[in-house]
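Each chain, letter by letter, is given below.
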Amino acid sequence: MLTEYARIPSQSELVATDKVGSNTASTPTTAQGLHGATTAHHLASMTSLVSTRPDEPIKPIAIPQIDNPAVVALGQKLWFDTRLSKSGGLSCNSCHNLAMGGTDNMTTSIGHKWAEGPINSPTVLNSGLAIAQFWDGRAKNLQEQAGGPIENPLEMASTHEHVVEVLNSIPAYQDEFKSAFSDYTDAITIEQVTKALASFEDTLVTPNSRFDKWLAGDDNAITEQELRGYQTFKTSGCVACHNGELLGGGSFQKFGVFEQYTTKNLAEGRFAVTGNPEDKLKFKVPTLRNIELTYPYFHDGQVNSLEEAVKIMGKIQLNKDFTDEEIADVVAFLKTLTGEQPKFQHPILPPSNPNTPKPNPFGKS
Ligand code: HEC
Ligand code: HEC
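Each value, and the rule that gives it
Residues numbered from 1 in each chain as written. Chains lettered and ligands numbered in written order. Predicted model: local features only at pLDDT ≥ 70, side-chain atom pairs only at ≥ 80, totals over all residues. Helix = DSSP H or I, 4+ residues; strand = E, 2+ residues; numbered from the N terminus. Buried ≥ 20, exposed ≤ 12 C-beta atoms within 10 Å, placed from the backbone. Near = placed C-beta within 6 Å. Nonpolar A, V, L, I, M, F, W, Y, C, P; charged D, E, K, R; others polar. Contact = placed C-beta atoms within 7 Å. Axes fitted to C-alpha atoms, helices over the stretch in contact; angles between N-to-C directions. Parallel < 35°, antiparallel > 145°, perpendicular 65-115°, else oblique. Core = buried A, V, L, I, M, F, W, Y, C linked by C-beta atoms within 7 Å. Left-handed = near helix turned anticlockwise from the far one by under 90°.

**Describing unusual backbone geometry**
Right, on to step 1. With an omega dihedral of -10 degrees, the bond running from Tyr-295 to Pro-296 counts as a cis peptide bond.
Right, on to step 2. Look at Lys-113: it is not a glycine, yet its phi comes out positive at around 50 degrees.
Right, on to step 3. Examined against the element boundaries, Lys-113 turns out to sit in the loop between helix 4 (92–95) and helix 5 (142–151).
Right, on to step 4. The backbone phi angle of Leu-281 is positive, close to 60 degrees, even though this residue is not glycine.
Right, on to step 5. With respect to the secondary-structure elements, Leu-281 resides in the loop between helix 11 (271–274) and strand 2 (282–284).
Right, on to step 6. On the neighbour-count criterion, Leu-281 (18 C-beta atoms within 10 Å) is partly exposed.

Right under this line is the structure:
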């Protein structure tokens, strides 16, 4: 069936392999980017699926084209570099673990000095495709977002000055930034750091889920029960909010349309950004891609099972009491949305030296 998918040229065909990095057998040396950094070469061998069912409200995830592989490779290193945190113990990956669906699978995250986070950590997978970042959309894109956690006292508790001081003390990092950024002058800037992180995050897409294969015309990619679940998802009205490539990410919606959701969490949603009382408890509709992996659910992280989450959504968003069978069907459908997870070689970071500011894990200063 695979051969029947309509296909557009893959990345390796569109982009010169010496730039994008490729893991194909014919070009083994290009799998390594600059200075031994691996690029997001898992994308290079992938092909975007094209829907043969264009009337469906859900679209397959498209594979992004990488035009700045050196910046992506740098962003990948920074993503894993715990020296971006004050303690030297937290990296972006601590709370958005790419081995666990881009989340930490905790109710709320653990930050600096074991601080209790205020809200559930959303997945970073496919997040570049959303209209805005954060539950309340207060950052307009990934680059604007990336500066936040570094300075947030409940997260990495560092400062932008400290981060660039650390990175600039490491000659190998300076070399890499110099090669990757045409606007590099004499030192690494925080804008380059956030740009690199955002470019890496842009590659964290999860194409080729079984549901996308079904959208591309493979009738056998999902079971009868899963298809039934999809019909229920559509007919009951879930698609009004959870649609498009992400099944979400496209709008801010009230959480608790027909009934209030009971929570001790203090987040007020979009209201915190706009100050408009109508925006109270409006949150960015989360993506349902990889939802099987990104538990626990909701902004307060209080719901552990997908069955329970679907039941609550039916009740408070649509005023529907689903039967156990309908819930099982919808959950079965949701599990077809797990796509191919980003794969890459674990990056090796350039070492610190005696001039590098020391980590401060126990908050003595
Ligand atoms: C201590 C845990 C923690 C660390 C470390 C952390 N994050 Fe987050 N991240 C969160 C939480 C919690 C949120 C949700 C905050 C909110 O919406 O108010 C979030 C939100 C995000 C989002 C928005 C996703 C969406 O769907 O809206 C992105 C992107 C992101 N983080 C990237 C990063 C990057 C890049 C780093 C490293 C520089 C990082 N995070 C470090 C916990 C963390
Ligand atoms: C009116 C818009 C709307 C409708 C209709 C809707 N949802 Fe949601 N959904 C949301 C919003 C907003 C959230 C985020 C709630 C929060 O945690 O603040 C959400 C969250 C979820 C989550 C948890 C995601 C996560 O990562 O925590 C699941 C699962 C979900 N919805 C499934 C469904 C299903 C299944 C239906 C149909 C029965 C449905 N939704 C109908 C707006 C909607």
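**Details of the site of ligand 2**
Right, on to step 1. In the vicinity of ligand 2 there are 26 residues, among which Cys-238, Cys-241, Tyr-297, Phe-298 and Met-313 approach most closely.
Right, on to step 2. Per-element accounting of the shell around ligand 2 gives the leading share, six residues, to helix 12 (residues 306–318).

**Focus: the site of ligand 1**
Right, on to step 1. Close to ligand 1 lie 27 residues; Cys-92, Cys-95, Phe-134, Trp-135 and Pro-149 are nearest.
Right, on to step 2. Within the shell around ligand 1, the residues separate by chemical class into 16 nonpolar, nine polar and two charged.

**Observations regarding helix 13 (residues 324–334)**
Right, on to step 1. All of the buried residues along helix 13 are Ile-327, Asp-329, Val-330, Val-331, Phe-333 and Leu-334.
Right, on to step 2. The inward-facing, buried residues of helix 13 abut helix 10 (224–235) and helix 12.

**Digging into the packing of helix 3 (residues 69–80) against helix 8 (residues 190–202)**
Right, on to step 1. At a closest axis distance of 7 Å, the pairing of helix 3 and helix 8 adopts a crossing angle of 100 degrees. One element, helix 3, and the other, helix 8, form an angle in the roughly perpendicular class. Between helix 3 and helix 8, the contacting residues are Val-71, Val-72, Leu-74, Gly-75, Gln-76, Leu-78 and Trp-79 on the first element and Val-193, Lys-195, Ala-196, Leu-197, Ser-199 and Phe-200 on the second.
Right, on to step 2. Here the contact of helix 3 with helix 8 is built from residues that sort into nine nonpolar, three polar and one charged.

**A few points about the nonpolar core**
Right, on to step 1. Core analysis: the largest hydrophobic core is formed by 37 residues, its most contacted members being Leu-74, Leu-78, Leu-167, Val-193, Ala-196 and Leu-197.
Right, on to step 2. Broken down by secondary-structure element, the contributors of at least two residues to this core are helix 3, helix 5, helix 6 (160–168), helix 7 (171–180) and helix 8.
Right, on to step 3. By size, the runner-up hydrophobic cluster in this structure holds 29 residues, among which are Leu-246, Val-303, Val-310 and Ile-327.

**What to know about the environment of Trp-214**
Right, on to step 1. Within the secondary structure layout, Trp-214 lies in helix 9 (residues 210–215).
Right, on to step 2. Taking the C-alpha atoms as reference points, Trp-214 and Ser-51, separated by 163 residues in sequence, lie 8.5 Å from one another.
Right, on to step 3. Aside from chain neighbours lying at most four places away, what touches Trp-214 is Ala-221 and Ile-222.

**Comments concerning the packing of helix 5 against helix 8**
Right, on to step 1. In contact at an axis separation of 8 Å, helix 5 and helix 8 are set at 115 degrees when each is read in the N-to-C sense. Between helix 5 and helix 8, the interaxial angle falls into the category roughly perpendicular. The two elements helix 5 and helix 8 meet at a crossing, and its hand is right-handed. Between helix 5 and helix 8, the residues in contact are Leu-142, Gln-143, Ala-146 and Gly-147 and Ile-190, Thr-194, Lys-195, Leu-197, Ala-198, Glu-201 and Asp-202, respectively.
Right, on to step 2. In terms of residue class, the contact of helix 5 with helix 8 is made up of five nonpolar, three polar and three charged.

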